[in-house]
Amino acid sequence: SVEEFLNGARVVVSARTYADFTPQATFDIKKCDLHKLEEGPPLQAVLTREEGLQYYRTMQTIRRMELKADQLYKQKIIRGFCHLYDGQEACAVGIETGINLSDHLITAYRAHGYTLTRGGTVREIMAELTGRRGGIAKGKGGSMHMYTKHFYGGNGIVGAQVPLGAGVALACKYLGNNEICVCLYGDGAANQGQIFETYNMASLWKLPCIFICENNKYGMGTSVERAAASTDYYKRGDFIPGLRLDGMDVLCVREATKFAAEHCRSGKGPILMELQTYRYHGHSMSDPGVSYRTREEIQEVRSKSDPISMLKDRMLSNNMASVEELKEIDVEVRKEIEDAAQFATTDPEPPLDDLCNHIFYNDPPMEVRGTNPWTKLKSVS
Amino acid sequence: MAATRLFLRASPVKCSLTGLTGGVHSSLGLTLLKLSPACTAKPQAQRRHAAHFTYHPEPAPSQYGPTQKMNLFQSVTSALDNTLAGDPTAVIFGEDVAFGGVFRCTVGLRDKYGKDRVFNTPLCEQGIVGFGIGAAAAGATAIAEIQFADYIYPAFDQIVNEAAKYRYRSGNMFDCGKLTIRSPWGCVGHGSIYHSQCPEAFFTHCPGIKIVVPRGPVQAKGLLLSCIADQNPCIFFEPKILYRAAVEQVPTEAYQIPLSQAEVLQEGSDLTLVAWGTQVHVLKEVAAMAQEKLGVSCELIDLRTILPWDTETVCKSVVKTGRLLISHEAPVTGGFAAEISSTVQVRVRWEIKAFYFFYVTDFKL
């Protein structure tokens, strides 16, 4: 057949036309574990070539951005706290493709990936990490406090963002705009009391809230077995239906998110998803990440379940993209990150006048006492 | 203002109004600001300041037995070691304490005393303190760690409503006096909003608990052992910037430093300086600078116990000098300096020269 001929001639022909690529393919995805649900998400996912390239690009951007942040942190250009997301890219990308940009999302402090998928640019994110005025929070928030439209951060206190997310979901229901709120937290936060308070409220009032537990197996340095009486985080909602799925497979995450979003939008109330994922870096930049887990374990996950490699293999083996094409994307991504890092390093810091702004909402400007009785600072908001 | 008059009389310095941060300036203020090495006259040169004080170790105490060189976290470990050795009911728990803690305050204790005495809790501050109250009420010496003082707020209800009021509401039938809560506290340079807070002012509004902040390793060990021994629930805030920076000769045996007793570190006649924790060291340098450049003799007091605080020592000092300056890291409004200054004003109002009390804070973000 023509295809076989062309495939065989792959080595010879250097320039490929887009007609040579498979426009879309169907992939089997792992079955989700279900809790209080009759049916789960579909067992197959359709991926088009465009979608595949887009997911690849976004995941690669997140990966490169996090590695660049690691580099800048070690050069002391980024300071303070920095929690990196590499390894978990499939979660951010998969969730975003399962919801609309007009839906709402809130997460904890490992937020760089979500800031990007929710509409932030790499430049703004990196400038926020370095604390410059071009940053997404004007340089005043830092790594843990990044926000975009319909993305409520970026929250430093563990577990505190979950009741907030339920509140956003209430607003969606009240306004009747068919929007939902995706409320993320980690395996460590799953043991906080306010999570359970939120489960109760969301279920009682049937709020359109998707609770997502990103289980990366370690709460800082404590493995899940040592922190939780029940590591079935998808069942912890008890009366809330739950799904557990492979968070390293972007298609799995996408299908589950679509399923969950449909569940919420149809008025059935909240739903809980547990994404089993992994982070390559330690908890933060001050954690080497190898005192509570072995290097072999990290290597094993990298080689067997890396989300970017998984997508790449799928696309290549189904002839949906070429190695050169993906390499080109890599090069473009690298350039984008380099430019952003350059901007983040050279942009000036916010002016001193900004120091006290936005404490209250006040008009006219408010006077704030400074570090000594003779300095009066102004707060404009 | 009496204070202003003093300074101007001592040093006739003329200074021009160089705009530092804009706003209201007095020449006095600028004089003092210019004297500070940490102050730059050029706002454009936004230099990064690391620790803005030098820690000077105090002489080794001789009355408590042999001493060993320790920093602040090691002195805390030593205090906990003494406690676990001497008190079979003592248990230590908190997030990540088993491997040694994020600041290494509990290193080696689990191996030495067993995993039923030094154990991790899940991530739940409200649960940790509530659990600690129960354990203490049942007779165990419970030492709970809250990983950062910034995270203590979920436990605020337990501390204020349960721990503080247990003895009173049960008519002394029950109490959780054997509870001690330890927590890293204060600015550290890179902590930002959630790893730098000083929440002592929130708790001082609550009778029934004691709040203690040490200034160095020798003080920390003695005060912590006093808190553990004290029959009231205590919160012990450890200045995290001093964990490694403060190194002293600390006695290896157990000893106690009394609570609710402020310490006069330096006698003086012109101005009383009051601080606690890290800021004591800043004020030590301020006192030295004031003496050298302005000829002002300062009396420096470390408050040590914030609640119940030693009103006698502070008031006696203010009667002597006539002027009071309190410096703390927390925000000015509602900060503990407000309480100190208003109490002192009421107690000694006929005897002080200056009706002006300055509170200075380190604006740390």
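In the nomenclature of an unreviewed UniProt entry, chain B is known as 3-methyl-2-oxobutanoate dehydrogenase (2-methylpropanoyl-transferring) of Cyprinus carpio. Comment text from UniProt for chain B, heading Catalytic activity (unreviewed entry), reads "N(6)-[(R)-lipoyl]-L-lysyl-[protein] + 3-methyl-2-oxobutanoate + H(+) = N(6)-[(R)-S(8)-2-methylpropanoyldihydrolipoyl]-L-lysyl-[protein] + CO2".

In the annotation of an unreviewed UniProt entry, the entry for chain A reads Pyruvate dehydrogenase E1 component subunit alpha, and the organism field reads Cyprinus carpio. Quoted verbatim from the Catalytic activity (unreviewed entry) heading of the UniProt record, the comment on chain A is "N(6)-[(R)-lipoyl]-L-lysyl-[protein] + pyruvate + H(+) = N(6)-[(R)-S(8)-acetyldihydrolipoyl]-L-lysyl-[protein] + CO2". Of the comments in the UniProt record for chain A, the one headed Subcellular location (unreviewed entry) reads "Mitochondrion matrix".

Caption draft 1: Molecular detail of the overall build of chain B. The secondary structure content of chain B amounts to 13 helices and 14 strands. Here chain B holds 365 residues, and the buried ones make up 56% of them. Taking all contacts inside chain B whose residues are at least 6 apart in sequence as the whole, residues at least 24 apart take part in 81%. Entry remark: accessible area of chain B is about 15,400 Å², with carbon and sulfur atoms responsible for 56%.

Caption draft 2: Representation of the overall build of chain A in the model. When helices and strands are counted, chain A shows 12 helices and 12 strands. A globule of 381 residues ought to have a C-alpha radius of gyration of about 21 Å, and chain A, at 22 Å, matches this closely. Along the first, second and third principal axes, the C-alpha set of chain A runs to 85 × 50 × 45 Å. By the burial criterion, 56% of the 381 residues in chain A qualify as buried. Here the contacts in chain A between residues at least 6 apart in sequence split such that 71% fall between residues at least 24 apart.

Caption draft 3: Structural detail: the side chain of aspartate 287 of chain A. All names here are of chain A. Considering the arrangement of structural elements, one finds aspartate 287 in the loop between strand S10 (271–276) and helix H10 (295–305). It is arginine 279 that comes nearest to the buried, bridge-free aspartate 287 among opposite-charge side chains, at 4.6 Å. In contact with aspartate 287, other than residues within four places in its own chain, are Met220, Gly282 and Tyr292.

Caption draft 4: Molecular detail of the nonpolar core. Counting residues in hydrophobic clusters, the biggest one holds 70 residues, and the most contacted among them are Ile95, Tyr114, Met126, Ile210, Leu245 and Met273 of chain A. The leading source of residues in this core is helix H2 (residues 49–74) of chain A, at nine residues. In this structure, tyrosine 114 of chain A is in contact with Tyr85, Cys91, Ala92, Ile95, Leu105, Thr107, Phe151, Leu184 and Glu214 of chain A, ignoring residues within four places of it in sequence. Formed by 50 residues, the second largest nonpolar core is a distinct cluster that contains Val129, Ala136, Val160 and Cys315 of chain B.

Caption draft 5: Spatial organisation of the sheet that holds strand S2 (residues 33–35) of chain A. Residues and elements named next belong to chain A. An order of S2-S9-S10-S6-S5-S4 is seen for the six strands of this open sheet, with the pairing classed as mixed. Both outer strands of the open sheet, S2 and strand S4 (104–106), are each paired with one neighbouring strand and no more. Strand-to-strand, the axes of this sheet are offset by a mean angle of 20 degrees, without reference to chain direction. Packed onto the sheet, helix H6 (residues 161–175) meets S4, strand S5 (181–186) and strand S6 (209–215) and runs at close to 170 degrees relative to S5.

Caption draft 6: Seen up close, helix H11 (residues 307–317) of chain A. All names here are of chain A. Turning to H11, its buried residues number three or more, namely Pro307, Ile308, Leu311, Arg314 and Met315. Angularly, the buried residues of H11 cover 135 degrees about the axis, an arc narrow enough to put them on a single face. Looking at the buried positions of H11, the neighbouring elements they touch are strand S1 (24–28), strand S3 (44–48), H2, helix H3 (89–98), helix H9 (250–265) and H10. Where H11 begins, the side chain of aspartate 306 points an oxygen toward the backbone nitrogen of isoleucine 308, at a separation of 3.1 Å.

Caption draft 7: Layout of the sheet that holds strand S6 (residues 210–212) of chain B. All names here are of chain B. The mixed open sheet is built from seven strands, whose spatial order is S3-S2-S4-S5-S7-S6-S12. In this open sheet, the two strands that pair with only one neighbour each are strand S3 (118–120) and strand S12 (305–307). Across the sheet, the mean angle from the axis of one strand to that of its neighbour is 20 degrees, orientation sign disregarded. Sheet topology note: the strand S4 (residues 141–145)/strand S5 (residues 179–185) ladder contains four bridges and is parallel. In the sheet register, isoleucine 143 faces S5, and the bridge partner there is threonine 180. Here helix H9 (residues 217–229) sits on the sheet in contact with S4, S5, S6 and strand S7 (234–239), set at roughly 165 degrees to S7.

Caption draft 8: Looking closely at the pattern of salt bridges. Across all of its chains, the model carries 32 salt bridges over all chains by this definition. Two residues, lysine 235 of chain A and aspartate 232 of chain A, come together in a salt bridge whose shortest N-O distance is 3.8 Å. Taking relative accessible area as the criterion, lysine 235 of chain A reaches 37% and is therefore assigned partly exposed. The network of salt bridges with common partners includes Glu58, Arg215, Glu263, Lys284, Asp302 and Arg304 of chain B.

Caption draft 9: Spatial organisation of the UniProt feature "domain: Transketolase-like pyrimidine-binding" (unreviewed entry) in chain B. Using the residue numbers shown here, the UniProt feature "domain: Transketolase-like pyrimidine-binding" (unreviewed entry) corresponds to residues 70–245 of chain B. Helix makes up 38% of residues 70–245 of chain B and strand makes up 18%, while its end C-alpha atoms are separated by 10 Å.

Caption draft 10: How the structure looks around the pairing of S1 of chain A. All names here are of chain A. Burial along S1 is one-sided: Ala25 and Phe27 are buried, and none of Gln24, Thr26 and Asp28, which face the opposite way, are. Relative to S3, S1 is paired through five bridges, and the arrangement is antiparallel. Note on S3: the bridge partner recorded for threonine 26 is valine 46.

Caption draft 11: Structural detail: the packing of helix H3 (residues 72–86) of chain B against H9 of chain B. Residue and element names in this part refer to chain B. Two elements in contact, H3 and H9, have axes separated by 8 Å at closest approach and are oriented at 30 degrees. Put simply, H3 runs roughly parallel to H9. As H3 packs across H9, the resulting crossing turns out to be right-handed. Each of Leu72, Ser75, Val76, Ser78, Ala79, Leu80, Asn82 and Thr83 in H3 lies in contact with H9, whose residues at this interface are Pro217, Ala220, Lys221, Leu224, Leu225 and Ile228. Among the residues forming the contact of H3 with H9, the class breakdown is nine nonpolar, four polar and one charged.

Caption draft 12: Layout of the packing of H2 of chain A against helix H5 (residues 122–129) of chain A. Residues and elements named next belong to chain A. Taken N-terminus to C-terminus, the directions of H2 and H5 make an angle of 25 degrees; their axes are 11 Å apart at the nearest point. By the angle between their directions, the pair H2 and H5 is classed as roughly parallel. Crossing handedness for the pair H2 and H5: right-handed. On H5, the residues touching Thr61, Met65, Lys68, Ala69 and Leu72 of H2 are Val122, Ile125, Met126 and Leu129. The residue makeup of the contact of H2 with H5, split by class, is seven nonpolar, one polar and one charged.

Conventions adopted
- Residues numbered from 1 in each chain as written.
- Chains lettered and ligands numbered in written order.
- Predicted model: local features only at pLDDT ≥ 70, side-chain atom pairs only at ≥ 80, totals over all residues.
- Heavy atoms only, no water.
- UniProt positions renumbered as here; feature names shortened; annotations may be inferred.
- Helix = DSSP H or I, 4+ residues; strand = E, 2+ residues; numbered from the N terminus.
- Buried < 20%, exposed > 50% of the residue type's maximum accessible area, 1.4 Å probe, protein only.
- Contact = heavy atoms within 4.5 Å.
- Areas by Shrake-Rupley, 256 points an atom, 1.4 Å probe, with all protein chains shown as cover.
- Rg over C-alpha atoms; globule rule 2.2 N^0.38 Å.
- Lys, Arg positive; Asp, Glu negative; His and termini not counted.
- Salt bridge = Lys/Arg side-chain N within 4 Å of Asp/Glu carboxyl O.
- Core = buried A, V, L, I, M, F, W, Y, C linked by side-chain atoms within 4.5 Å.
- Pairing = 2+ DSSP bridges.
- Axes fitted to C-alpha atoms, helices over the stretch in contact; angles between N-to-C directions.
- Arc of directions from axis to C-beta.
- Polar contact = N/O pair within 3.5 Å; in protein donor to acceptor, adjacent residues only side chain to side chain.
- Parallel < 35°, antiparallel > 145°, perpendicular 65-115°, else oblique.
- Left-handed = near helix turned anticlockwise from the far one by under 90°.
- Nonpolar A, V, L, I, M, F, W, Y, C, P; charged D, E, K, R; others polar.

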